Amino acid sequence: MAEVRLTNIRKSFGALEIIKGVDLHIEPGEFTVFVGPSGCGKSTLLRMIAGLEDITSGDLTIGGARMNDVDPSKRGIAMVFQSYALYPHMTVRENMGFALRFAGMAKDEIDRRVAEAARILELDPLMDRRPKALSGGQRQRVAIGRAIVRHPDVFLFDEPLSNLDAELRVHMRVEIAKLHKTLKTTIIYVTHDQVEAMTLADKIVVLRAGNIEQVGAPLDLYDDPANMFVAGFIGSPRMNFLKGQVITAEDGMVRVALANQPQVQLSLPIAAPVKSGDAVSLGVRPENFVAAGRGDADLSVEVDVAEHLGNTSYVYAHVAADERIIIEREDSRNTVSRDRLTVGLAASQIYLFDSAGQRLK
Ligand code: ADP
Ligand code: MG
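Residues numbered from 1 in each chain as written. Chains lettered and ligands numbered in written order. Predicted model: local features only at pLDDT ≥ 70, side-chain atom pairs only at ≥ 80, totals over all residues. Heavy atoms only, no water.

**Concerning the packing of aromatic side chains**
Remark: the centre distance and the inter-plane angle together describe each pair of aromatic rings, the angle taken between the planes. Scanning all chains against the criterion turns up seven aromatic pairs. Taking 5.8 Å as the distance between ring centres and 45 degrees as the angle between the ring planes, the aromatic pair formed by Phe31 and Tyr189 counts as tilted. Remark: Tyr189 occurs in strand E8 (residues 186-191) and Phe31 occurs in strand E3 (residues 31-35); sequence separation between them is 158 residues. With respect to class, Phe31 is no different from Tyr189; both count as buried. Ring plane angle 15 degrees and centroid distance 5.8 Å describe the contact between Phe229 and Phe233, whose orientation is recorded as stacked. Within this pair, Phe229 and its partner Phe233 are both found in helix H8 (residues 228-233), separated by four residues, close to a single helical turn. The aromatic ring of Tyr222 is capped on one face by Arg285, whose charged end is 4.0 Å from the ring centroid. (Phe/Tyr/Trp six-rings, centres within 6.5 Å; stacked < 30°, edge-to-face > 60°. Helix = DSSP H or I, 4+ residues; strand = E, 2+ residues; numbered from the N terminus. Buried < 20%, exposed > 50% of the residue type's maximum accessible area, 1.4 Å probe, protein only. Lys NZ or Arg CZ within 6 Å of the ring centre and 35° of its normal.)

Rendered as structure tokens:
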């Protein structure tokens, strides 16, 4: 277990700045997930912590010691990648012990650590097999075992489940959560999958184009997003955004009208400095629409497609030609395309954003 601290970390490849000044404190034993769209710099940031990329500027400390110039093998970290690259000619046992043998560790200590990792990962029956006789999930467990035997202070995972099929991904997600409960080691885990982030993390770091957009516990980000990017990224299906305009703003209340249906108006308990005429966006999650007449205003939409999943339905609809929304409803089995549908909006379930995408509250 070790704390990890990043202070104004930057990374440039040539003239191009990829990581633009990241400040982050990861507590000892915390499970931190870096999440964000492809290309936002998650792997680059993780590789700088691992020592696989130079840090252009800023400070990295692990367990209080500055690590910028320390060799990767001396940082107390172990990394698991998406492609697990096991040695094909070695058994599971040999693969797991390889780094320790390479480091010159005594054989009985290696045997002890490999046996311990095999027990934790339930690999005992597979120890004498070679990788080609293993399933994808089993290979990934061996790759994790290879990291566990090193007794690192910090585990680094870079999209370790992305090569697995959907069912196995869910299974391994649960295994990794259990592993963290057992080992209690600090984990930094990279994924582009917000569901993985929500289910695994103590702390989520949302990255976008080399900057941190928000840091917080999963449900804090879901309940209290700082901006439209985080609001749209966390939650599935994503939050809907409706164009709106401020009618009045006074005494801690903002009255807004929808741009595409100006008769639809809501008073929101928001004290933000906006004024009449300002363009805003209203955010409403698919699961937060209420029945017509039950909210503070009714919205009329035309249905494009309805997906019936059994327990729930996703209704894809539009408010106007260029404003599409998704409505989740448990009672929509009979909804079909081209239906007109009226749904209720509850002021308490509406998020408001300014024209720059910053949350108003
Ligand atoms: P992510 O893991 O979030 O998908 P990466 O950290 O891999 O993103 O990449 C972030 C950005 O940095 C991308 O635009 C990528 O093309 C660029 N990049 C990554 N590695 C290099 C490199 N060695 N040289 C130049 N650009 C790179
Ligand atoms: Mg990556």
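Alright, that's what it looks like, and here's the rest.
**Section: the domain arrangement of the protein chain**
Its domain assignment divides the protein chain into domain 1 (4-233) and domain 2 (240-360). The straight-line distance from the C-alpha centre of domain 1 to that of domain 2 is 38 Å. Every contact between the two is made by 10 residues of domain 1 and, on the other side, nine residues of domain 2. Together, the buried faces of domain 1 and domain 2 total about 860 Å²; carbon and sulfur atoms form 49% of this surface. (Domains from an automatic or database assignment. Contact = heavy atoms within 4.5 Å. Buried area = accessible area lost by both parts, 1.4 Å probe.)

**With respect to the nonpolar core**
Ranked by internal contacts, the top residues of the largest apolar core, which has 46 residues, are Met96, Ile144 and Tyr189. Once residues within four sequence positions are removed from consideration, Tyr189 is found in contact with Phe31, Thr32, Val33, Phe34, Phe157, Pro160, Leu161, Ile176, Glu196 and Leu200. Core analysis: the second largest hydrophobic core is formed by 31 residues, Val246, Leu258, Leu266 and Ala297 among them. (Core = buried A, V, L, I, M, F, W, Y, C linked by side-chain atoms within 4.5 Å.)

**A word on the layout of surface pockets**
Here the largest pocket is characterised by a volume of approximately 690 Å³. Within the residue set of the lining of the largest pocket, elements represented by two or more residues are strand E6 (77-80), helix H2 (92-102) and helix H4 (136-148). Sort the elements by how many residues they give to the lining of the largest pocket and H2 lands first, with five residues. Across the lining of the largest pocket, the residue classes tally to 19 nonpolar, three polar and three charged. (1 Å grid on protein atoms, 1.4 Å probe; cavity = no way out; pocket = protein on both sides within 12 Å on 5 of 7 lines; lining within 4 Å. Points joined across faces, edges and corners; volume = space filled by probe spheres on them. Nonpolar A, V, L, I, M, F, W, Y, C, P; charged D, E, K, R; others polar.)

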